[in-house]
Amino acid sequence: MKNQFFLLLAIVALIVSCNKENEPVKPDYFQLKAGNYWIYQTYELAGDSVEDVIPFTDSTYIEKDTVINGNVYYKFMSQSFTGGMHTPSFARDSAGCLINESGKISFSYTNFTDTLSTYTEGNIFRATYMMEKHDSLVNVPAGSFNALFCHVRIVMYNPSYPYGTRHQGTFFADGVGCVKSTSASLGSSDRYLDTRLIRYHVR
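Residues numbered from 1 in each chain as written. Predicted model: local features only at pLDDT ≥ 70, side-chain atom pairs only at ≥ 80, totals over all residues. Heavy atoms only, no water.

A. Region of interest: the environment of A91. Checked against the element boundaries, A91 lands in strand β4 (residues 87-94). On the accessibility criterion, A91 (7% relative accessible area) is buried. Measuring from C-alpha to C-alpha, the distance between A91 and V72 comes to 8.7 Å, with 19 residues separating the pair along the chain. Once residues within four sequence positions are removed from consideration, A91 is found in contact with Y73, Y74, F76, L98, I99 and N100. (Helix = DSSP H or I, 4+ residues; strand = E, 2+ residues; numbered from the N terminus. Buried < 20%, exposed > 50% of the residue type's maximum accessible area, 1.4 Å probe, protein only. Contact = heavy atoms within 4.5 Å.)

Following this line, the structure appears as structure tokens:
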């Protein structure tokens, strides 16, 4: 009887173990944990061939979590390539969408059909955020990553604006976070700032 009991326990343990192995691993593109950090190098791009390294690095780290309007957000502290003090921002993961404290969605790994957010800057421009449907191989100093891209389209309200729709966006990789972002110059047709991951720590 005792042997049968231990045999039954072993069978149950084996079934539970197999079920856990068959469970899909949940993606984690945002890495929202206190203590995680990312270091970036920024490049100024002009056209297809000119690339200048800006001699400062960006750094972003998650300081802690906090509750805002009943939801748990993570406090990011970010320092731009111009140096100076770190400035705070807040974000949370809601069903695979990265949402800030104002309710704006800046990225998603679950919604590839809808416009995530629309942002307007007075009567100057309108920016729309939408995910590309397929991942891309992104090469940065920290390595090569299969990453999803959130495409931001910027439309100026001035009908005589000469450069048309401007394009920029961010790449996030599963298990890493943001690996690259591109910002368009609104005063030129071919100038961009490219911010690339050089090292990181996530846990």
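B. Quick look at the packing of aromatic side chains. Using the criterion set out here, one finds ten aromatic pairs in the structure. Ring geometry for F30 against F172: centres 5.9 Å apart, planes inclined by 85 degrees, an arrangement best described as edge-to-face. Note that F30 is positioned in the loop between α1 (2-22) and β1 (37-46) and F172 in strand β11 (residues 166-173), a separation of 142 residues in sequence. Taking the relative accessible area as the measure of exposure, F30 reaches 3% and is therefore buried. Seen from their ring centres, W38 and F76 are 6.3 Å apart, and the 20 degrees between their planes marks the pair as stacked. Highlighted residues: W38 in strand β1 and F76 in strand β3 (residues 71-79), separated in sequence by 38 residues. When its relative accessible area of 3% is taken as the criterion, W38 is described as buried. Over the face of the ring belonging to Y43 we find R196, whose NZ or CZ atom lies 4.1 Å from the ring centre. (Phe/Tyr/Trp six-rings, centres within 6.5 Å; stacked < 30°, edge-to-face > 60°. Lys NZ or Arg CZ within 6 Å of the ring centre and 35° of its normal.)

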